[in-house]
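An overview of the molecular structure
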2 protein chains.
Amino acid sequence: MELLKQRIMKDGHVKPGNIIKVDSFLNHQMDIELMNEIGKEFAHLFADQPITKILTIEASGIGIAAIAAQHFGNVPVVFAKKTKSKNLDGELYISQVESFTRNTVFDIQVSKKFITEDDCVLILDDFLARGKALLGLIDIVNQSGAKFAGCGIVIEKGWQDGGEVLRKKGVRLESLAIIDKADETGFTFRN
Amino acid sequence: MELLKQRIMKDGHVKPGNIIKVDSFLNHQMDIELMNEIGKEFAHLFADQPITKILTIEASGIGIAAIAAQHFGNVPVVFAKKTKSKNLDGELYISQVESFTRNTVFDIQVSKKFITEDDCVLILDDFLARGKALLGLIDIVNQSGAKFAGCGIVIEKGWQDGGEVLRKKGVRLESLAIIDKADETGFTFRN
């Protein structure tokens, strides 16, 4: 997605440890117009799928998914929760996820009420690195018996193995920008 | 907001401990059409303020704020972060918040780049109970020197003291539904 790549080049930064900072428009401050262009692009890419529900994970995925859902006929958005809360009860789908940025392992949880075998689920998230969060979300879709339409990712870190792992599993993965290299000289995108 | 009250009566539940469950449309699964009506209502209520930025806190506030921002001329949304992450660096506004649902105290953090004294900030969140999260967000706006337009809340728990505390401080607080009582017989709204 050309507009996104341009924005990453303009406002993105690289921090030591290959940390890509896009906090001015994607995952701390959100540019709502850009979010809508991203949502339109996901809707275009998955136009062949009868999506009934968008699944994401708190926190940064929520804004992207909510805006994108408007371009899928206002389908409901479900966000997996990372912590056990008093607000979460009843029957749950649970999967375990390893976090790269936080150096922890945690359960992600979705109430069984909100994804059923009648659904066709699209998973959306902001970043794909090692793919652990996506694998957890896919596991939850599989537990539910719903049809799994694929994953839409805003930025894929091409030098980490998540994309390869998922594609080898046959997962339909649409990343709007794949960054193959990020260093002090800038960003190199995969074509 | 009549539509919201009707939806709470139709799909909301009360759990022991006065836990209000609105997870089917607000804070686990999100009804995107309802979110847009909520966003329109906030825009109507704060039409007299030259809002330049919406501030919320992860996680449930993010979807509400992102959709609402579209009704404020696509102003950027900033979400305060609850955990220290490798993605968060540079100068930060920090405030301390006590969580009722999670029984913890934690820092919330916002990068100083994203709120400045030139901004007019509207704070949005899904719930108001004891008001601790809002007080932390207001503290951050005050630290920034920005103009503080007020707080828009989807559901206020009228039997907890957050609303009273904030109104006594002179905070402009617009709650779309104030629930004064919630038990097995249903919901009682403040007029």
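What you see is a predicted model; the values in this text were computed from it and never measured.

Looking at the pairing of strand β4 (residues 53–57) of chain B
Residues and elements named next belong to chain B. Burial analysis of β4 places five of its five residues in the buried class, the great majority of the element. Residues Lys53, Leu55 and Ile57 point to one face of β4 and Ile54 and Thr56 to the other, with burial holding for every one of them. Relative to strand β8 (residues 120–128), β4 runs parallel, the two being bridged by three bridges. By the bridge assignment for β8, Lys53 is matched with Val121. Relative to strand β5 (residues 77–80), β4 runs parallel, the two being bridged by four bridges.

Notes on the packing of aromatic side chains
Residue and element names in this part refer to chain B. Tallied over the entire structure, the rule returns two aromatic pairs over all chains. Where Phe187 meets Phe189, the ring centres are 6.4 Å apart and the plane angle is 25°; that geometry is what we call stacked. On the basis of relative accessibility, which here comes to 15%, the residue Phe189 falls in the buried class.

Overview of unusual backbone geometry
Residues and elements named next belong to chain A. In this chain, Glu58 is followed by Ala59 through a cis amide linkage whose omega measures 10°. Here Ala59 is to be found in the loop between β4 (53–57) and α3 (60–69). Phi at Asn18 takes a positive value of approximately 60°, unusual for a residue other than glycine. Within the secondary structure, Asn18 sits in the loop between β1 (13–15) and β2 (19–21).

Topic: the UniProt feature "binding site: xanthine" (unreviewed entry) in chain A
Residues given the UniProt feature "binding site: xanthine" (unreviewed entry) here are Asn27 and Lys157 of chain A. Position of Asn27 of chain A among the secondary structure elements: in the loop between β2 and β3 (29–30). Given a relative accessible area of 5%, Asn27 of chain A falls into the buried group. With residues up to four places along the chain from it excluded, the contact list for Asn27 of chain A reads Val22, Ser60, Asp126 and Phe127 of chain A together with Phe79 and Lys81 of chain B. With respect to the element layout, Lys157 of chain A can be found in strand β9 (residues 147–157). Exposure remark for Lys157 of chain A: the relative accessible area of 7% places this residue in the buried category.

Considerations on the interface of chain B and chain A
Contacts between chain B and chain A engage 46 residues on the former and 46 residues on the latter. Overall, the association of chain B and chain A removes approximately 4,000 Å² of surface from exposure, summing both partners, and the carbon and sulfur fraction of that is 53%. Across the contact surface, chain B and chain A share two salt bridges. Our count for the chain B to chain A interface comes out at 13 residue pairs in polar contact (both at pLDDT 80 or more).

With respect to the environment of Ile155 of chain A
Tracing the backbone shows Ile155 of chain A in strand β9. When residues no more than four places from it in sequence are discounted, the contact partners of Ile155 of chain A are Ile8, Val22, Leu26, Asp126, Phe127, Leu128, Ala177 and Ile179 of chain A.

Here we look at the relation of the copies chain B and chain A
Screw-axis analysis of chain B against chain A gives a translation of 0.0 Å along the axis, an RMSD of 0.0 Å, and a rotation angle of 180°. These values place the two chain copies in the arrangement generated by a two-fold rotation axis. By residue overlap, the copies meet face to face through one surface: 100% of the interface positions of chain B are interface positions in chain A.

A closer look at helix α1 (residues 2–11) of chain B
Residue and element names in this part refer to chain B. Residues Leu4, Lys5, Arg7, Ile8 and Asp11 constitute the buried set of α1. One face of α1 carries all of its buried residues, which in axial projection span an arc of 160°. Where the residues of α1 are buried, they touch β1 (13–15), β2 (19–21), α2 (32–45), β9 (147–157), β10 (173–183) and β11 (186–189).

Things to note about the pattern of salt bridges
One pass over the structure, following the stated rule, counts 30 salt bridges over all chains. Notably, a salt bridge pairs Lys53 of chain B with Asp119 of chain B, separated by 3.9 Å at the nearest N-O pair. Of this pair, Lys53 of chain B sits in strand β4 while Asp119 of chain B sits in the loop between β7 (104–111) and β8, and the two are 66 residues apart along the sequence. The same class applies to Lys53 of chain B as to Asp119 of chain B, namely buried. We note a salt bridge from Asp180 of chain B to Arg190 of chain B, for which the minimum N-O separation is 2.8 Å. Highlighted residues: Asp180 of chain B in strand β10 and Arg190 of chain B in the segment after β11, separated in sequence by 10 residues. Residue classification places Asp180 of chain B among the partly exposed residues on the basis of a relative accessible area of 28%. One continuous salt-bridge network, built from bridges that share partners, spans Arg7, Lys10, Asp11 and Asp31 of chain A.

A look at the sheet that holds β8 of chain B
Pairing is mixed in the open sheet, where seven strands are placed in the order β3(A)-β5(B)-β4(B)-β8(B)-β9(B)-β10(B)-β11(B). Pairing within the sheet leaves two strands with one partner each, and these edge strands are β3 of chain A together with β11 of chain B.

Quick look at the packing of α2 of chain B against helix α3 (residues 60–69) of chain B
Residues and elements named next belong to chain B. For the pair α2 and α3, the least separation of the axes is 8 Å and the interaxial angle reads 65°. The interaxial crossing formed by α2 with α3 has right-handed handedness. The residues of α3 that touch α2, namely those facing Ile32, Met35, Asn36, Ile38, Gly39 and Phe42, are Ile64, Ile67 and Ala68. Split by residue class, the contact of α2 with α3 holds seven nonpolar, two polar and no charged.

About the criteria used
Counting restarts for each chain, with residues numbered from 1 along the sequence as it is written. Chains and ligands are labelled sequentially in the order written, the chains with letters from A and the ligands with numbers from 1. Residues qualify for local features only when their pLDDT is at least 70, as the model is predicted, and side-chain atom pairs are given and counted only at 80 or more; totals for whole chains, interfaces and linings, by contrast, use all residues. The basis for the side-chain values is all heavy atoms of the structure; hydrogens and waters are excluded. Partly exposed residues are those whose accessible area sits between 20% and 50% of the maximum for their type, while under 20% is buried and over 50% is exposed, using a 1.4 Å probe and protein chains only. A run of H or I in DSSP becomes a helix once it reaches four residues, and a run of E becomes a strand once it reaches two; helices and strands are each numbered from the N terminus. Strands pair, by our definition, only if DSSP identifies at least two bridges between them. Here the aromatic set is Phe, Tyr and Trp, taking the six-membered ring for Trp, and pairing holds for ring centres within 6.5 Å; pairs whose planes are under 30 degrees apart are stacked, those over 60 apart are edge-to-face, and all others are tilted. UniProt positions are given in the numbering used here, feature names are shortened, and annotations may be inferred rather than shown by experiment. By definition in these notes, contact holds between two residues if any of their heavy atoms fall within 4.5 Å. Two parts placed together each lose some accessible area under a 1.4 Å probe, and adding up what both lose gives the buried area. The rule for a salt bridge is simple: a side-chain nitrogen of Lys or Arg has to be within 4 Å of a carboxyl oxygen of Asp or Glu. Two N or O atoms form a polar contact when they lie within 3.5 Å of each other; inside protein one atom must be a possible hydrogen donor and the other a possible acceptor, and for residues adjacent in sequence the pair counts only when both atoms belong to side chains. Alignment of copies: least-squares fit on C-alpha atoms of residues with pLDDT of at least 70 in both copies. The directions from the helix axis to the C-beta atoms form the arc being described. To obtain each axis, a line is fitted to C-alpha atoms, and for helices this fit is confined to the stretch in contact; angles are then taken between N-to-C directions over 0 to 180 degrees. By definition, any crossing whose near helix is turned counterclockwise from its far helix by less than a right angle is left-handed, and any crossing with a clockwise turn is right-handed. Amino acids outside the nonpolar list (Ala, Val, Leu, Ile, Met, Phe, Trp, Tyr, Cys, Pro) and the charged list (Asp, Glu, Lys, Arg) are all regarded as polar, and Gly is one of them.

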